[in-house]
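Listed below are the residues making up each chain.
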Amino acid sequence: MQFMLLFSRQGKLRLQKWYVPLSDKERKKISRDLVQTILARKPKMCSFLEWRDLKIVYKRYASLYFCCAVEDQDNELITLEIIHRYVELLDKYFGSVCELDIIFNFEKAYFILDEFLLGGEAQETSKKNVLKAIEQADLLQECTFPV
Amino acid sequence: MCSCYYSSVWLHVNTGECNLASKHVPLQYLITLHWFETLFLCVFQRMPAPIRLRELIRTIRTARTQAEEREMIQKECAAIRSSFREEDNTYRCRNVAKLLYMHMLGYPAHFGQLECLKLIASQKFTDKRIGYLGAMLLLDERQDVHLLMTNCIKNDLNHSTQYVQGLALCTLGCMGSSEMCRDLAGEVEKLLKTSNSYLRKKAALCAVHVIRKVPELMEMFLPATKNLLSEKNHGVLHTSVVLLTEMCERSPDMLLHFRKLVPQLVRILKNLIMSGYSPEHDVSGISDPFLQVRILRLLRILGRSDDDSSEAMNDILAQVATNTETSKNVGNAILYETVLTIMDIKSESGLRVLAINILGRFLLNNDKNIRYVALTSLLKTVQTDHNAVQRHRSTIVDCLKDLDVSIKRRAMELSFALVNGNNIRGMMKELLYFLDSCDPEFKADCASGVFLAAEKYAPSKRWHIDTIMRVLTTAGSYVRDDSVPNLIQLITNSVEMHAYTVQRLYKALLDDISQQPLVQVSSWCIGEYGDLLVSGQCEEEEPIQVTEDEVLDVLEGLLVSNLSTPVTRGYSLTAIMKLSTRFSSVNRIKKVVSIYSSSIDVELQQRAVEYNALFKKYDHMRPALLERMPIMEKTASNGPTEIMQTNGETEPSVPDTKHLPLVTQPANQANDLLDLLGGNDVVPVIQTTLPTKPASAGGELLDLLGDLSLSGGLAPAPSVPVSQPPFLLDGLSSQPLFNDTSAAIPPMTAYSKNGLKIEFTFERANPNPNIAVITIHATNTTEADMTEFVFQAAVPKTFQLQLLSPSSNIVPALNQGSVTQVIRVLNPQKQQLRMRVKLTYTHKGSPVQDLAEVNNFPPQSWQ
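Per an unreviewed UniProt entry, chain B goes by the name AP-1 complex subunit gamma and belongs to Oncorhynchus tshawytscha. Of the comments in the UniProt record for chain B, the one headed Sequence similarities (unreviewed entry) reads "Belongs to the adaptor complexes large subunit family."

Chain A is annotated in an unreviewed UniProt entry as AP complex subunit sigma of Oncorhynchus tshawytscha. One UniProt comment on chain A, placed under Function (unreviewed entry), says "Subunit of clathrin-associated adaptor protein complex 1 that plays a role in protein sorting in the late-Golgi/trans-Golgi network (TGN) and/or endosomes. The AP complexes mediate both the recruitment of clathrin to membranes and the recognition of sorting signals within the cytosolic tails of transmembrane cargo molecules."

This is the structure in structure tokens:
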């Protein structure tokens, strides 16, 4: 995976994870253009598209779009499963997750993602193990509300 | 520090007091000094803690304008900056977190980069967590700053707490630069050999990143891979397979080395499939689909171009292909990977046919994503397994009617790849139908494809000409520039079809002179074969009666028309000239040619002058020069812009001018928007796509996963019920957005009062599906005629309306007849159709006027 973006239906970025080296300016441009392209698509269209020279896989969950850019050899259908697994993890962690949870606890969303994917590939295929690791790491925090 | 300052102030005041006291200073001055001292105390000893992250987020979200938000951000940034300057360790973590939030909103945050490094270096886990996150978000390897992380990461890779080691591995594996990777590869390699599976899986992916950045380091990881696959832990297995895949893809030696792992991989895959339910890794009844897919991919790479390995995996591939549950996306994902593997390795033909059949089944799947991957895969295999793919031809052709653009494109490409001598007639019918109705972005490619296929497989010359005609008349403006000379050559070489061709082209010209490629080819043909045209020699169809003057009228019409491009004019002038040796009305031709010798268009002028010269000075050469073209040799270059011939006459070269893409959409016609009722009655437009205020802002918990917890499937959540006016398209409706043009739209009664009944019947205007063509039928059940009948209509602002003339303005009594009138409504935003109508007529001597709203349009008329 090259990057993953989460954005709302108004085009506001809620999370951006980049696995390729790009400058801030380049990232902003890509985000902006890609978000526009996806928001312009009709609901009945495919979850896959070719954009520039990337394969894009996206899925909408309630008010959030989850969008990944994958390599040519990557399996698009399993990428949909990866996205779904991430949403399940968020749901388990936050309890019936909604966009607001991700807005107010974005750093936790990142921590969860970083326990699930590393360098763009899945590091753990067991839901239970990812959540356990997050739980343990949370316990290591020196105080309950560090930020 | 504060207490020192405080005491120095106090000292100063004391001293001052002493000094002043000795100078008899008034009391007010002493009180003022005391006030200053208290103030200093407040500032330095009771400094408030920086605002919490969630508090900041809440505050920023209350901003109503961009300017207000910017102001809040600037204020907070200033506070954070000064806090950074103060080297405040306690709240650094909080401040950086806030900075990361503001960065996500799009504001600059570079001044926080060094702070991230300080957090990483801290001993507190919370600090490290935020610090590493900040590094991954704010630092990029182009800047030297990131190198300062290397030492911290090195230390953390050796930390006693595995979660700290995990943070370091994650960051290195996400954004480590080549220098960092070089420095730390040894540490990663060490961790790859640990027995701690939590760390081992992360080290494997980190190694993948290192290898991608510094491929020469791949060798050093080889020993550690020795027993990676004997792990029971799925996380380690998965990441190990990824690592092995990366190594095999990069190095043929590694590939050879790892080929021996095929039996082990097959065994692991078999266990996954055969083993019972494992709750930890289960996804909709399938055990660890992620691992299965990665193993299949590695098998593909190992089996490619190797018979033995391919043989060893045959059975398991067949097993996966036949036993995997296909009702959910996850099963199909595995099947998809299996098909890709089967097609890529040296599999036996039975297996290949199985794979193609799976793809064929995919094509029939309701899920458009599945259809998409099927078409993509079939495109890749159509060359090698042509016959197997042919069997699914009809399904593929059906996909031409799909709504999704990407699916349509793939279906089109695949269809062209499948055309052969046997199916050319049927396929061409479908493809021409597609050409008629497809989006403009496809038309050029489709037209080119049709020409190519027709050239290769045309069953007869007549069919070929007809097909070309069809393309030129329906998609004429999208045809590529190089098609014109190709077509001309084709026509020239079909000697027995000349009469038929020129007749058909002439008739097409009478209908429409806007499509330049058609006009150019037609002019050329008329110039060449005009004699056949007027002599009525056509065998293939009924010959038309046309005189020389009529033909010249048409050609001259092209010269003067605004629709003709300069290139087209060149063609027609030359055609007229050529007719001077084929027609008898030479004088007329001479006149036309001399007129254009003073044309403003330089090209036309030059031609006219030269043709004039032909008439005057070189008349003896004229017949030879304008003789019929011989059969042409096909030139070697693609898309020749000049047609070579052997008679010494230079045919006008086709310059590379772009044809004006003439838009034939009726929307460009005069819009008779009858706004009867003034602006304030026109319904305001509301965007169907985005609600103006996110309902989530109101704090309602939106269930992101819908009924996920119940079914465990890929059920998307129902759309957010936002308060919007009811007439907007309901996203939850299962109605297809737009279907075949052939689907009949039921008629409706729009108005029925006082004996006057008005019915609306509908049809879709091809090619523009945004236009609804409504025919009104007005009938009268009373005993008296309704005379001076006028029907007027108004629509909301987003629509455009055009009323054509009515059949008459008398609605006969007792249903003895009806008045019909055609309305065209352009509805680009696919909004619900609403109309206000005004009827005026005279009945039994008195004028009648009525206004009515028409809201009961059937959904198919506007969706």
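Quick word on empty space enclosed by the protein
Applying the stated rule across the entire model yields 15 cavities of 30 Å³ or more. In this structure, the largest cavity spans a volume of roughly 200 Å³. In terms of lining residues, the largest cavity is bounded by 16 residues, among which A:Asp74, A:Ile78, A:Ile82, A:Glu121 and B:Arg294 are the most central. Those elements that place two or more of their residues in the lining of the largest cavity are α2 (76–94) and β7 (121–122) of chain A together with α15 (289–303) of chain B. Of the residues forming the lining of the largest cavity, the biggest block, four residues, is contributed by α15(B). Residue composition of the lining of the largest cavity, grouped by class: seven nonpolar, four polar and five charged. The volume enclosed by the second largest cavity comes to roughly 160 Å³. As for the second largest cavity, its lining consists of 17 residues, of which A:Phe111, A:Asp114, A:Glu115, B:Arg129 and B:Leu167 are closest to the centre.

A few points about the pattern of salt bridges
Inspection of every chain in the model, using the stated rule, returns 54 salt bridges over all chains. Among the salt bridges present, the one from B:Asp402 reaches B:Arg371, with a minimum N-O distance of 2.6 Å. Highlighted residues: B:Asp402 in the loop between α21 (393–398) and α22 (405–418) and B:Arg371 in helix α19 (residues 368–381), separated in sequence by 31 residues. Taking the relative accessible area as the measure of exposure, B:Asp402 reaches 11% and is therefore buried. On the accessibility criterion, B:Arg371 (14% relative accessible area) is buried. Between B:Asp850 and B:Lys753 there is a salt bridge whose closest N-O contact spans 3.0 Å. Of this pair, B:Asp850 sits in strand β10 (residues 846–854) while B:Lys753 is found in strand β3 (residues 748–753), placing the two residues 97 residues apart along the sequence. On the accessibility criterion, B:Lys753 (40% relative accessible area) is partly exposed. In the salt-bridge network here, residues are joined through shared partners; they are A:Glu121, B:Arg212, B:Glu246, B:Arg250 and B:Arg294.

Section: the pairing of β10(B)
Residues and elements named next belong to chain B. In the sheet, strand β9 (residues 835–843) pairs with β10 via nine bridges, with the strands oriented antiparallel. Residue pairing in the sheet places Thr840 in a bridge with Gln849 of β10. In sequence, β9 turns back onto β10 through a hairpin of two residues, with Lys844 there showing a positive phi of about 50 degrees.

Rules behind the numbers
Residues numbered from 1 in each chain as written. Chains lettered and ligands numbered in written order. Predicted model: local features only at pLDDT ≥ 70, side-chain atom pairs only at ≥ 80, totals over all residues. Heavy atoms only, no water. UniProt positions renumbered as here; feature names shortened; annotations may be inferred. 1 Å grid on protein atoms, 1.4 Å probe; cavity = no way out; pocket = protein on both sides within 12 Å on 5 of 7 lines; lining within 4 Å. Points joined across faces, edges and corners; volume = space filled by probe spheres on them. Helix = DSSP H or I, 4+ residues; strand = E, 2+ residues; numbered from the N terminus. Nonpolar A, V, L, I, M, F, W, Y, C, P; charged D, E, K, R; others polar. Salt bridge = Lys/Arg side-chain N within 4 Å of Asp/Glu carboxyl O. Buried < 20%, exposed > 50% of the residue type's maximum accessible area, 1.4 Å probe, protein only. Pairing = 2+ DSSP bridges.

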